[in-house]
Amino acid sequence: MDYGWEIQLYLLLFVCVAMFIYKYGTESHKVWKSAGVPGPPPTPFFGNIHQLFNVEIGVRCSVKKWQEKYGRIFGIYFFHKPVLVVTDPEAMKRIFVKDFNIFVDRFFVGEGKLQHSIIQKTLFFAQGHSWKRLRKMVNPAFTSGKLKLLMGYINRTAGLLSEQLLDSAKKGTPVEAKTVFGAYALDVIAGTAFGLDINSQNDLSNPLIQHARSLTTIDKIVQLKLTIIGIFPSLIPVFRAFKIGYFRYKDVKFFRETLLKLISEKKHTKSEQSDLLQLLMDVEADPSDGDVLCQKLSDEEVAAQCLLFMIAGYDATSSALQYFFYELARYPQIQEKIYSEVMSVLGEDEELSYESCLKMKYLEAAVEEILRMYPLLHTLTRNTVKETTLNGMFIPANSAVLIPAYNVGRDPEFFHNPDTFIPERFLESSKHDINPVTFIPFGYGPRQCIGLRLAMMELKIAIVHVLRRLRISKATPEVLEIEDYSGGLVSKIPVQLFMEVRS
Ligand code: HEM
């Protein structure tokens, strides 16, 4: 029998399917070329994502290499999505502030739809008008007046932290930095945001601690989910139907139910507490403000923000403390300078107050310097709501923008000796040399971190309590190797701190 025509038909079919697949994988990769934006050539389907998240060299080095080759604005692709990478200060100012209305939203793989609905209602993930409304309603909970009300709780929690470290120092055993500071951060956020005293520094059995840890861990499974969604965005409804999200559904569900129960209890028992949950429940919209259409925040919205505060506060605060004490061990003169300042402002016995915290200028400069060197969110994102131009380059609507905070903070054009810990650069006398848009560990512009002041206060209080009683004598590993492809800046080997009791 002659099968010639059948083979030809199958061949033709195969070629058509292959052409269709190739077109699907490359169609969107023409945007930057036609807009005249330079950048590395993309690979079908993946774009440049595998080069950016290169496990060998990490996001920071990939960006650095490309910046050297293509300049301070270049185009790459996250799978099909055009992404502009920007480290030019003027362009950054336009994105963060001047053209904020065009760059109001953040960019997420899967457009943020790969989330439990409560996560989509948080400030971090909310978009456009919904975000504006939420931010206006949540801002008043973070004023300095409200912050002062939280001082007592943070002070007590930092006291517990220093007790724990003192114990280890007396025994001569090192502590794993991320674990002890993680417990402190969790206690602070549970107390200040939810009004719950969970004491995770002494008791790890509380289910809230287990769920919080699991919620804030970004592992390979999350990366796999994002890769699949990146290549096949049409699978989002399938993922949602099977309750597969960026965060684990069981953790989100646990917090949603716990927080809604707390809200309901607070409604029935008139509370005098000043935790963020209570402050958000009490927020009233300004009726003269036409923008705020829907008045009070719903219970679900209050629960969503408090859940976000936990996610946002836990990892960032514990990482900052880890890197801070790591650098203090390497720079004993800086450690002693901070200690001297603490003692001169407070003396042996004085309780740490909000006002005395503000007086410690060298300490503040040292914390800012650590955040410059180790911004946990090493890359900030935005998404264009409409087409625009940037430095003469055409940017289509619905393009993503990446601003690599780590690279900007370590750029020798913006900070001399960028890899060296020099708190003095943030003192009043030299701060004017720093272009504010290049210091972005908390982001910049209207979408900057809402918890900035709370976080700075939490960090400073912990440091004061620890340094008053202890000296960090050594930290390991000798050379700090950092991974950045899982979302944050993570030390490859856990940091261990060795301490001595101050006499
Ligand atoms: C050292 C600690 C912290 C660091 C380094 C940090 C950093 C950041 C960064 C980089 C952003 C994105 C900003 C942007 O896109 O321009 C952000 C957003 C945010 N952070 Fe923080 N954060 C910290 C602690 C906290 C705490 C303690 C809270 C709450 C209690 C918090 C709440 C938020 C919220 C709600 C947003 C979203 C703001 C919005 O989109 O309007 N953060 N944070």
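Everything numeric in this text was worked out from a predicted model, so none of it was measured. (Residues numbered from 1 in each chain as written. Predicted model: local features only at pLDDT ≥ 70, side-chain atom pairs only at ≥ 80, totals over all residues. Heavy atoms only, no water.)

Caption draft 1: Broad picture of the overall build of the protein. Broken down by element type, the protein carries 21 helices and eleven strands. At 25 Å, the protein has a C-alpha radius of gyration in line with the 23 Å of a compact globule built from 503 residues. Carbon and sulfur atoms make up 59% of the accessible area of the protein, which amounts to about 23000 Å² in all. Each charge class in the protein can be summarised by its mean position, and for the 58 positive and 55 negative side chains these summaries are 3 Å apart. (Helix = DSSP H or I, 4+ residues; strand = E, 2+ residues; numbered from the N terminus. Rg over C-alpha atoms; globule rule 2.2 N^0.38 Å. Areas by Shrake-Rupley, 256 points an atom, 1.4 Å probe, with all protein chains shown as cover. Lys, Arg positive; Asp, Glu negative; His and termini not counted. Charge placed at Lys NZ, Arg CZ, Asp CG, Glu CD.)

Caption draft 2: Quick look at the sheet that holds strand β11 (residues 496-501). Overall, antiparallel pairing links the three strands, which are arranged β3-β11-β8 in an open sheet. Looking at strand neighbours, the two that pair on one side only are β3 (175-176) and β8 (470-476), the edges of this open sheet. In the sheet, β3 pairs with β11 via two bridges, with the strands oriented antiparallel. When the bridges of β11 are listed, Glu176 appears paired with Gln496. Along the sheet face, helix α15 (residues 299-330) touches β8 and β11 and points at about 95 degrees away from the line of β8. (Pairing = 2+ DSSP bridges. Contact = heavy atoms within 4.5 Å. Axes fitted to C-alpha atoms, helices over the stretch in contact; angles between N-to-C directions.)

Caption draft 3: Highlighting the sheet that holds strand β2 (residues 81-86). Strand order in the open sheet made by the four strands is β1-β2-β7-β4, with mixed pairing throughout. Edge strands, defined here as strands with exactly one partner in the open sheet, are β1 (73-78) and β4 (380-383). Taking the axes of each pair of neighbouring strands and ignoring which way they run, one obtains an average angle of 30 degrees across the sheet. Taken strand by strand, helix α4 (residues 58-70) contacts β1 and β2, and its axis lies near 135 degrees from that of β1. Packed onto the sheet, helix α5 (residues 89-98) meets β1, β2, β4 and β7 (400-403) and runs at close to 120 degrees relative to β7.

Caption draft 4: Spotlight on the coordination of the iron atom of the ligand. Just one protein ligand coordinates the iron atom of the ligand, and it is Cys449 (SG) at 2.3 Å. Mapped onto the secondary structure, Cys449 falls in the loop between α20 (428-431) and α21 (452-469). (Donors = N, O, S within 2.8 Å, 3.2 Å for Na, K, Ca; no water.)

Caption draft 5: Inspection of the packing of helix α13 (residues 249-268) against α15 at higher detail. Interhelical geometry of α13 versus α15 gives an angle of 125 degrees and a closest axis separation of 9 Å. By the criterion of interaxial angle, the relationship of α13 to α15 is oblique. Handedness of the crossing formed by α13 with α15: right-handed. Contact residues: α13 offers Val252, Phe255, Arg256, Leu259, Leu260, Ile263 and Lys267, while α15 offers Asp299, Glu300, Val302, Ala303, Cys306, Leu307 and Met310. Here the contact of α13 with α15 is composed, by residue class, of ten nonpolar, no polar and four charged. (Parallel < 35°, antiparallel > 145°, perpendicular 65-115°, else oblique. Left-handed = near helix turned anticlockwise from the far one by under 90°. Nonpolar A, V, L, I, M, F, W, Y, C, P; charged D, E, K, R; others polar.)

Caption draft 6: Looking closely at the environment of Pro418. Looking at where Pro418 falls in the secondary structure, it is placed in the loop between α19 (405-409) and α20. Take Pro418: its relative accessible area is 12%, and that puts it in the buried class. A C-alpha to C-alpha distance of 29 Å links Pro418 and Tyr77, two positions 341 residues apart in sequence. Once residues lying within four places of it in the same chain are set aside, the contact partners of Pro418 are Arg372, Met373, Gly409, Arg410, Asp411, Pro412 and Arg425. (Buried < 20%, exposed > 50% of the residue type's maximum accessible area, 1.4 Å probe, protein only.)

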